[in-house]
Amino acid sequence: MIANGDQNDAVKNAIYDFVKKSRLSKKSDVFKVNITHVNDKVLAVSIIEAVDKLMPDPDNKIGTSHSNFPTRYLEQEGKLFYWYDSTDVITLRLISVLSEYNQIDSTNVNSIVEIKGTLNESLKGVDYFFCKKNLLKFKRVVTDRAVGWYDPPKLNCK
């Protein structure tokens, strides 16, 4: 695990812990990661099973970055984790990996005909709350609620 780093290092720490310690990691081979800056001291990394395929729109091209499509990924122990990072762009390698895991629905690339998605409120995920200045200080919460919809755990981030 990485002690000092940026939000992508926090994501790597969360993924490592998730694969090693969470029973939820056995439910699927593909997971979506979301990053939330809780406050100036705490960063939240949420990991949840990717139940819907990604639906790129005409703006999601190689070399671009839009919050509706991931720009980063990590493969760990045969599992794919993907997330959006505003400092990165969509790459051909990312598209290839997402395709290998059958995660792209390209039937709607040229126009928005239908927006589909599943709202499964019983789907549980794991939220990791990290101290931004020491990524080894974190708390894990298994929940069916999104970050921001419950009070985060207390962290001593001095």
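None of the values given here were measured: they were computed from a predicted structure.

Reading the values: rules and limits
- Residues numbered from 1 in each chain as written.
- Predicted model: local features only at pLDDT ≥ 70, side-chain atom pairs only at ≥ 80, totals over all residues.
- Heavy atoms only, no water.
- 1 Å grid on protein atoms, 1.4 Å probe; cavity = no way out; pocket = protein on both sides within 12 Å on 5 of 7 lines; lining within 4 Å.
- Points joined across faces, edges and corners; volume = space filled by probe spheres on them.
- Helix = DSSP H or I, 4+ residues; strand = E, 2+ residues; numbered from the N terminus.
- Phe/Tyr/Trp six-rings, centres within 6.5 Å; stacked < 30°, edge-to-face > 60°.
- Buried < 20%, exposed > 50% of the residue type's maximum accessible area, 1.4 Å probe, protein only.
- Core = buried A, V, L, I, M, F, W, Y, C linked by side-chain atoms within 4.5 Å.
- Pairing = 2+ DSSP bridges.
- Axes fitted to C-alpha atoms, helices over the stretch in contact; angles between N-to-C directions.
- Contact = heavy atoms within 4.5 Å.

A. Region of interest: empty space enclosed by the protein. With the rule as written, the count across this model stands at 1 cavity of 30 Å³ or more. By volume, the largest cavity amounts to about 40 Å³. Surrounding the largest cavity, F18, L24, K27, F31, I47, I48, E49, L123, K124 and G125 form its lining. The greatest single-element share of the lining of the largest cavity, amounting to 3 residues, is contributed by strand β2 (residues 42–49).

B. Examining the packing of aromatic side chains more closely. Evaluation of the coordinates by the stated rule reveals 7 aromatic pairs. Considering the side-chain rings of F31 and F81, the 5.3 Å spacing of their centres and the 20° angle between planes classify their relative orientation as stacked. Taken together, the residues span a long stretch of sequence, with F31 in strand β1 (residues 30–37) and F81 in strand β4 (residues 79–83) at a distance of 50 residues. In this structure, F31 and F81 share a single accessibility class: buried. Here the aromatic rings of F129 and Y150 are separated by 6.2 Å at their centres, their planes lie at 85°, and the arrangement is edge-to-face. With F129 in strand β5 (residues 125–131) and Y150 in the segment after β6 (134–143), the pair connects residues that are 21 residues apart, well separated along the chain. As far as burial versus exposure is concerned, F129 and Y150 are alike and both buried. Members of the aromatic cluster, connected to one another through ring pairs, are F18, F31 and F81.

C. Representation of the nonpolar core within the structure. Formed by 19 residues in total, the largest nonpolar core has its most connected members in I15, F18, V33, V45, I47, F81 and Y128. Listing elements by their share of this core, those giving two or more residues are α1 (7–21), β1, β2, β4 and β5. Membership of the second largest hydrophobic core comes to 12 residues, among which are V30, L54, F69 and L94.

D. Region of the structure containing the pairing of β5. Burial analysis of β5 places 7 of its 7 residues in the buried class, which makes it a mostly covered element. Neither face of β5 is left uncovered, since the one carrying G125, D127, F129 and C131 and the one carrying V126, Y128 and F130 both have all their residues buried. The pairing of β2 with β5 spans 7 bridges and is classified as antiparallel. Residue pairing in the sheet places I48 in a bridge with G125 of β5. Two strands pair when backbone bridges link them, and β5 and β6 are joined in this way by 7 bridges, in the antiparallel orientation. Following the sheet pairing, C131 is matched in β6 by N134. Where β5 folds back onto β6 in an antiparallel hairpin, the turn is made up of 2 residues.

E. Structural context of the sheet that holds strand β3 (residues 72–76). One open sheet accounts for 6 strands, arranged β3-β4-β1-β2-β5-β6; its pairing is mixed. The open sheet terminates on both sides in strands that have one partner only, identified here as β3 and β6. Strand-to-strand twist in this sheet, taken as the mean axis angle between neighbours without regard to direction, amounts to 25°. Pairing of β3 with β4, which is carried by 5 bridges, proceeds in the antiparallel orientation. Across the sheet, Y73 pairs through a bridge with Y82, a residue of β4. Against the sheet, α1 touches β1, β2, β3, β4, β5 and β6, its axis set at about 45° to β2.

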